[in-house]
Amino acid sequence: YPDRPDYEFFTLNEAVDFITRRHPKMLDQARELVAGIRAGDRVALGGLARCGKSTLASLMTEALRERNLNVKVLPLDNWILGEDQRKGPTVRGRFDYPAIESALTTLSGKLSPQGARICTPSYDRKTRSRRENGNELTFFPNDVVLIEGVIALDIPVVRDLCNLRIFCSCPEATRRARFLQEYQLRGWEESKAMELFEERAAEES
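Thresholds applied
Residues numbered from 1 in each chain as written. Predicted model: local features only at pLDDT ≥ 70, side-chain atom pairs only at ≥ 80, totals over all residues. Heavy atoms only, no water. Helix = DSSP H or I, 4+ residues; strand = E, 2+ residues; numbered from the N terminus. Rg over C-alpha atoms; globule rule 2.2 N^0.38 Å. Buried < 20%, exposed > 50% of the residue type's maximum accessible area, 1.4 Å probe, protein only. Contact = heavy atoms within 4.5 Å. Areas by Shrake-Rupley, 256 points an atom, 1.4 Å probe, with all protein chains shown as cover. Lys, Arg positive; Asp, Glu negative; His and termini not counted. Charge placed at Lys NZ, Arg CZ, Asp CG, Glu CD. Core = buried A, V, L, I, M, F, W, Y, C linked by side-chain atoms within 4.5 Å. Expected span 1.5 Å × (residues − 1). Arc of directions from axis to C-beta. Disulfide = S-S within 2.5 Å.

With that settled, the discussion passes to the overall build of the protein. Broken down by element type, the protein carries seven helices and six strands. Across the protein, helices and strands are ordered from the amino to the carboxyl terminus as α-β-α-β-α-α-β-β-β-α-β-α-α. On C-alpha atoms alone, the protein measures out to a radius of gyration of 17 Å, which is about the 17 Å that the 2.2 N^0.38 rule sets for 205 residues. Based on the C-alpha atoms only, the size of the protein along its principal axes is roughly 50 × 40 × 30 Å. Buried positions account for 43% of the 205 residues belonging to the protein. For the protein, contacts bridging at least 24 residues in sequence account for 70% of all contacts bridging at least 6. When the accessible surface of the protein is summed, it comes to about 11400 Å², and 49% of that surface belongs to carbon and sulfur atoms. Side-chain charges of the protein comprise 31 positive and 31 negative groups, with the mean position of each set lying 3 Å from the other.

Shown next, in the form of structure tokens:
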């Protein structure tokens, strides 16, 4: 679906725990993190897979909207290449760097009051395939833009564009458990998923 969920969980218990216990505390932390962000700022959120970047982006969005700021989240996962399109076994081979750089150059100049449109492809995690006709977003001069993804801090145009750059991390055991859950939901055997985790941990780092 084209709509981006605010939060995703593997189980109903995780969702309930987040809503009733973890969310209020994490939202307080996000409020502190965004205290210096102003209208028109650009923020990069990078970090290894399954470390909590998307959750942080949603928490920051909530905290910024409390201050009546317009927020747009731009997930770089939209530009993951399909399995048959990849240019190598590393993270740089899985993402369409030229297309990301071309799209984000749109945001590097002064935007007109009518805004600037970016059309993104979309990536289906389960089938590992890409659709060229994904989402269309319009960015206005006062929008706070959160650019989120594993490679966010690896792309020069993103680093140059953003006046705040954040590296997300979490305990490695937590990240491993999330990664294995994700791939088991896709139908992978645990041993195969663990092998992929080890490969990704090395080359993403």
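Structure's up, so let's keep going.
Residues L104 and I147 are the most contacted members of the largest nonpolar core, which totals 26 residues. At the level of secondary structure, the elements contributing two or more residues to this core comprise α4 (97-105), β3 (116-124), β5 (144-148) and α5 (156-161). Ranked by the residues each element gives to this core, the list is headed by α4, at four residues. Dropping the residues within four chain positions of it, I147 is found in contact with V43, A44, L45, L74, L76, L104, A152, V158, L161 and C162. Counting 21 residues, the second largest nonpolar core, distinct from the first, contains F18, V34, L45 and L59.

We now examine helix α7 (residues 190-204). For α7, built from 15 residues, the straight-helix expectation of 21 Å at 1.5 Å per residue is met to within 8% by its first-to-last C-alpha distance of 20 Å. Turning to α7, its buried residues are A193, L196, F197, R200, A201 and E204. With its buried residues spanning 135° around the axis, α7 presents them on a single face. For α7, the exposed residues lying more than 90 degrees away from the buried face are S191, E195 and A202.

Turning next to α4. Within α4, the full set of buried residues consists of Y97, I100, A103 and L104. Burial along α4 is one-sided: seen end-on, the buried residues are contained in an arc of 130°. Exposed residues pointing more than 90 degrees away from the buried face of α4 are listed as P98 and S102. Those residues of α4 that are buried lie in contact with β2 (71-75), α3 (91-94), β3, β5 and α5.

Attention now moves to the state of the cysteines. Tallied over the full model, the rule gives zero disulfides. Here C51 stays unpaired: no disulfide links it, and the sulfur of C168, its closest cysteine neighbor, is 5.0 Å away.

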